[in-house]
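Now for the letters of each chain:
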Amino acid sequence: MPLRIFFTLLLFCIYTTHAYTQVKVSGTVLDKSKINYVSGVSVISTSGKITLTDSLGHYNINTNKGDSLYFVYNNKPTQKFSVSTIPNTAQFDISIHLNIKSNYKVLKEVIVFSKSYKSDSLENRENYGEVFSYHKPRIETSITPGGGVGMDANELINMFRFKRNRRLQKFQERLENEEKEKYVSYRFNKTFVRRITQLKGASLDTFLIWYRPTYEFASTSTLIEFNQFVLNASYYYKKIMGIGEGKKEE
């Protein structure tokens, strides 16, 4: 095989492999105010894959790196966006040129003149600094003024203060658990859940108890993931409670 043909085939293989590398693109579609989420937008790749934005304007689509994406709403397409030039495929958010009314909005910056969860947490850790910094006593060495090495007498004494150590350890665990629960309540608060689910009264109170998330999920999920969790839970809750099917909320 002539060398020129070999290199031509090699470059072709490299190009096609690059072009058909699978890429997952995710993001949110907003209206031109960049406040309202737009649901029901078709997200289409030039290779033929298609998906729709959900009620929070969010979408996920698996496409090829050599593809382009475009968005269609009310039969009006946007320009095409080359997947290979998208800077962050995990968060490709766009706004389309129209104004719509939506049940869900991106909140603008709000200044609240009250203590935040963060300031409360910092104050709590300052008040109980000794407890939060507690660690199990261990043998440690110290340097004397003359340069000699000695044993830390305080740590040695604390090793045998069993009741004190157990009390501090339990207190530390309790404070840490309380802090975690406060964080969950901060994210999963009644006002936020009411806005997303449109529940109220006894139905809202029950929902808050049944679907309270774990600290691990609350502390690691993104805003979109957390919103989607609440929304999906509300769909299931309304279905099993018969809300929206002739049964009114109390």
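K.L.:
Teacher, can you tell me more about the overall build of the protein chain here?
P.N.:
A tally of helices and strands in the protein chain yields nine helices and ten strands. Burial statistics for the protein chain: of 250 residues in total, 32% are counted as buried. Contacts in the protein chain between residues far apart in sequence, at least 24 positions, make up 60% of those at least 6 positions apart. Accessible surface, the protein chain: about 17,200 Å² in total, of which carbon and sulfur atoms supply 56%.

K.L.:
I keep staring at a nonpolar patch on the surface and nothing clicks. Help me out?
P.N.:
Taken together, the side chains of Ile209, Trp210, Tyr236 and Ile240 make up a nonpolar region of the molecular surface, amounting to roughly 490 Å² of accessible area. Within the residue set of the nonpolar patch, elements represented by two or more residues are helix H7 (201–210) and helix H9 (223–241). On the basis of relative accessible area, isoleucine 240 is assigned to the partly exposed category, the value being 44%.

K.L.:
Can you help me understand the side chain of asparagine 227 in this one?
P.N.:
Within the secondary structure layout, asparagine 227 lies in helix H9. Of the residues examined, asparagine 227 reaches a relative accessible area of 5% and is grouped as buried. Excluding anything up to four places from it in sequence, asparagine 227 contacts Tyr37, Leu56, Phe192 and Ile196.

Cut-off values and rules
Residues numbered from 1 in each chain as written. Predicted model: local features only at pLDDT ≥ 70, side-chain atom pairs only at ≥ 80, totals over all residues. Heavy atoms only, no water. Helix = DSSP H or I, 4+ residues; strand = E, 2+ residues; numbered from the N terminus. Buried < 20%, exposed > 50% of the residue type's maximum accessible area, 1.4 Å probe, protein only. Contact = heavy atoms within 4.5 Å. Areas by Shrake-Rupley, 256 points an atom, 1.4 Å probe, with all protein chains shown as cover. Patch = residues over 30% accessible without salt bridge, like charges linked within 9 Å, V, L, I, M, F, W, Y side chains within 5 Å. Salt bridge = Lys/Arg side-chain N within 4 Å of Asp/Glu carboxyl O.

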